[in-house]
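Residue-level structure breakdown
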Amino acid sequence: MCEVCKSEGSDYLFMNGPKKVLTSNNLYKVFKGAVAPVKLCHVHSIELFHLGERRFLKEHLTFARGLAMRSKTQSEASDSPFGL
């Protein structure tokens, strides 16, 4: 399922049709010094291309908040002195 559709509670199949597949996209300005890989449906992939990263994240705030939480958990795990 598309990560944006999932975060917003949208019907993925209704928006894209049954034959559309997910695409892997990378967001470069979300994490410092790292790339954020995301799975997007056809509609959101095109929207990301047209709007750009910043405007896309402003349009989908719930998705952006989820990415921020994912970033926070990754940084906390890397700060562990035990490497866990």
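One structure accompanies this document, and this report is about it. (Residues numbered from 1 in each chain as written. Predicted model: local features only at pLDDT ≥ 70, side-chain atom pairs only at ≥ 80, totals over all residues. Heavy atoms only, no water.)

1. Re the overall build of the protein chain
Each helix and strand counted, the protein chain has five helices and two strands in total. Excluding contacts between residues fewer than 6 apart, the proportion of contacts in the protein chain whose partners are at least 24 apart in sequence is 46%. About 6000 Å² of surface is accessible on the protein chain, with carbon and sulfur atoms providing 59% of the total. (Helix = DSSP H or I, 4+ residues; strand = E, 2+ residues; numbered from the N terminus. Contact = heavy atoms within 4.5 Å. Areas by Shrake-Rupley, 256 points an atom, 1.4 Å probe, with all protein chains shown as cover.)

2. A word on the environment of Val-4
Considering the arrangement of structural elements, one finds Val-4 in helix α1 (residues 3–8). Its relative accessible area of 0% is what places Val-4 among the buried residues. As a C-alpha pair, Val-4 and Cys-41 span 37 residues in sequence and 8.3 Å in three-dimensional space. Not counting residues up to four positions away in its chain, the partners in contact with Val-4 are Leu-40, His-44, Phe-56, His-60 and Phe-63. (Buried < 20%, exposed > 50% of the residue type's maximum accessible area, 1.4 Å probe, protein only.)

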